[in-house]
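Here is how the chains run, residue by residue.
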Amino acid sequence: MRISIFRWRWLLIVVCVLGLVLLSGWWLRYSKSSARDAAARECRTLRAAKQWKRLAEVARRWSEWDADNADPWLYRAESAEEMREAVSTAEYLSRVPEKDPRAALALVKLATLQFEVLNHPREGEKTCERILRINPKVTQAHGQLIFYALSTLQRQELIRRIRAAIRVRRESPECYVFLAGTHWLYPANLYRLNTHWLKSEPDSEMYQVARAMQVYTSNAKTNPERAAEFEDIPTAEELLRKFPHNTEVLAYHLENRIEDGDVEVVEKLLKASDPTTLHDARFWRAKAWLQDTNGDSEAAEASLKRALEIDPYWWKLHFQLMEIYRRYQRSDEFGRMSEIYEKSKRLSKIITTLDDGKSPGSEFYDLMLFLAIASGDDLVANALRFRQQQQ
């Protein structure tokens, strides 16, 4: 009997303790919820009154005990933005919890700040990647990553970014222009953008090379009327000595030396390239030219086909392969490649005459679709068919 009473007493104690624990937990949640509601009401009132300094203080106190809630961070970001405090705005936007549905939009704003106001493009790139981990269908993040790769001449990265956007149907019309011109386009804003970004990272090889490329390809440095503007840009030969293994610098010199028919220098430049160029169609094209010049047409054909696996839209590859077929009287292959070359050459003509900010017309997409089908690029072909159906 005593044992039974003893057990009941302990059971009663356990029940009471559990009840107190549950009650205290409920009370804490209720208290926090009440405090959150009060903070939210005060913030809304201050926001409506545009009392940004006071809003910043209230939201700061709120965020200290409710850091997993997006609201205080968004209020802090808005008040900082209104007070022209860009660094603080960026910090608060970065703190918005990723589980919140508004996180992706907050991070889009953060990336815009990093690229445009704070001049931290590499941080902006990381933010865009973070956005796509949260939601791979955020169009703005895809667009910003594509623009950055294009503007810094990261050509393999550009291909990867464009195809990632196409895969989730978040590509812009311009993406197909960039994809078709991957290995030969030099955007008109290279010098301006990379000069700006260089201020944030003065030793960056990537920014130094990208801005110099626009000067070289536009012949601005040799123009007496504009040469003084680009005195700080080294000559192409000086840049090669400074960055002897840089992919863009080597590709630029390879193109010029091929036009000059300089076998010895082309061979030297190819030897200076690093393993990353195995994924660059320009180096396979240069290798094919060298092999063909040395009489090894079979190896040249193989190199060109490897280049076309990387970039099936570049007319120079089609022309080079077509010429091999013509010389060796391979009539069927010559006829097929002639048709492909005609389409890709026309495609490049459309791109080079396209006005800034203007989307390509139906002829461009028809040509792009033809080349995608001809090369077996199913991802692009299916995406283009989808676009046609939506029009």
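The structure we're discussing is the one just above.
Procedures and definitions
Residues numbered from 1 in each chain as written. Predicted model: local features only at pLDDT ≥ 70, side-chain atom pairs only at ≥ 80, totals over all residues. Heavy atoms only, no water. Helix = DSSP H or I, 4+ residues; strand = E, 2+ residues; numbered from the N terminus. Rg over C-alpha atoms; globule rule 2.2 N^0.38 Å. Buried < 20%, exposed > 50% of the residue type's maximum accessible area, 1.4 Å probe, protein only. Areas by Shrake-Rupley, 256 points an atom, 1.4 Å probe, with all protein chains shown as cover. Lys, Arg positive; Asp, Glu negative; His and termini not counted. Charge placed at Lys NZ, Arg CZ, Asp CG, Glu CD. Phe/Tyr/Trp six-rings, centres within 6.5 Å; stacked < 30°, edge-to-face > 60°. Lys NZ or Arg CZ within 6 Å of the ring centre and 35° of its normal. Contact = heavy atoms within 4.5 Å. Polar contact = N/O pair within 3.5 Å; in protein donor to acceptor, adjacent residues only side chain to side chain. Disulfide = S-S within 2.5 Å. Axes fitted to C-alpha atoms, helices over the stretch in contact; angles between N-to-C directions. Parallel < 35°, antiparallel > 145°, perpendicular 65-115°, else oblique. Left-handed = near helix turned anticlockwise from the far one by under 90°. Nonpolar A, V, L, I, M, F, W, Y, C, P; charged D, E, K, R; others polar.

What the protein contains, in helices and strands, is 20 helices and zero strands. Computed over its C-alpha atoms, the radius of gyration of the protein comes to 30 Å, more than 25% above the 21 Å expected for a compact globule of 391 residues. Along the three orthogonal principal directions, the C-alpha set of the protein runs to about 110 × 60 × 45 Å. Counting across all 391 residues of the protein, residues that qualify as buried make up 46%. Surface exposure of the protein reaches about 21700 Å², of which carbon and sulfur atoms provide 53%. Averaging the positions of the 59 positive and the 56 negative side-chain charges in the protein gives two centres separated by 10 Å.

Here we come to unusual backbone geometry. Phi angles above zero are rare outside glycine, and arginine 84 is one such case at about 60 degrees. With respect to the element layout, arginine 84 can be found in the loop between α3 (70-82) and α4 (86-94). Judged by its relative accessible area of 71%, arginine 84 is exposed.

The next thing to look at is the packing of aromatic side chains. Here the structure, examined in full by the defined rule, presents 11 aromatic pairs. With centroids separated by 5.2 Å and ring planes inclined at 70 degrees, the aromatic side chains of tyrosine 148 and tryptophan 197 adopt a geometry described as edge-to-face. You can see tyrosine 148 sitting in helix α7 (residues 139-151) and its partner tryptophan 197 sitting in helix α10 (residues 190-198), a full 49 residues away along the chain. Residue classification places tyrosine 148 among the buried residues on the basis of a relative accessible area of 1%. Between tryptophan 197 and tyrosine 207, the ring centres sit 6.0 Å apart and the planes meet at 45 degrees, which makes this aromatic pair tilted. Note that tryptophan 197 is positioned in helix α10 and tyrosine 207 in helix α11 (residues 205-217), a separation of 10 residues in sequence. Considered together, tryptophan 197 and tyrosine 207 belong to a single accessibility category, that of buried residues. In this structure, arginine 155 is placed above the aromatic ring of tyrosine 186, and the distance from its NZ or CZ to the ring centre is 4.9 Å. When the ring centre of phenylalanine 386 is taken as reference, the NZ or CZ atom of arginine 169 above it lies at 4.9 Å.

Our focus in this paragraph is the environment of methionine 206. Looking at where methionine 206 falls in the secondary structure, it is placed in helix α11. Methionine 206 sits in the buried class, given a relative accessible area of 17%. When near neighbours in sequence (up to four residues on either side) are disregarded, methionine 206 contacts Arg122, Tyr148, Thr152 and Gln154.

We now examine the side chain of glutamate 248. Mapped onto the elements of the fold, glutamate 248 is located in helix α13 (residues 247-260). A polar side-chain atom of glutamate 248 sits 2.8 Å from a polar atom in the side chain of arginine 282.

Turning our attention to the state of the cysteines. By definition, a disulfide links the sulfur atoms of two cysteine residues through a covalent bond. As enumerated under the stated definition, the model contains zero disulfides in all. This cysteine, cysteine 128, is not joined by any disulfide, and cysteine 175 carries the nearest cysteine sulfur, 13 Å off.

Now for the environment of glutamine 114. Assignment of secondary structure puts glutamine 114 in helix α5 (residues 103-117). Leaving out residues up to four positions away in the same chain, glutamine 114 has contacts with Asn119, His120, Pro121, Glu123, Gly124 and Thr127. Here the side chain of glutamine 114 touches glycine 124 through a polar contact of 3.5 Å, landing on its backbone nitrogen. Among the polar contacts made by the side chain of glutamine 114, one reaches the side chain of threonine 127 at a distance of 2.7 Å.

This part takes up the packing of α7 against helix α8 (residues 155-167). α8 packs onto α7 with a crossing angle of 160 degrees between their chain directions and a minimal axis gap of 9 Å. Judged by the angle between their axes, α7 and α8 are roughly antiparallel. Handedness of the α7/α8 crossing: left-handed. In this structure, α7 uses His142, Leu145, Ile146, Ala149 and Leu150 to contact α8, whose residues at the interface are Glu157, Leu158, Arg161, Ile162, Ala164 and Ala165. Its residues placed into classes, the contact of α7 with α8 shows eight nonpolar, one polar and two charged.

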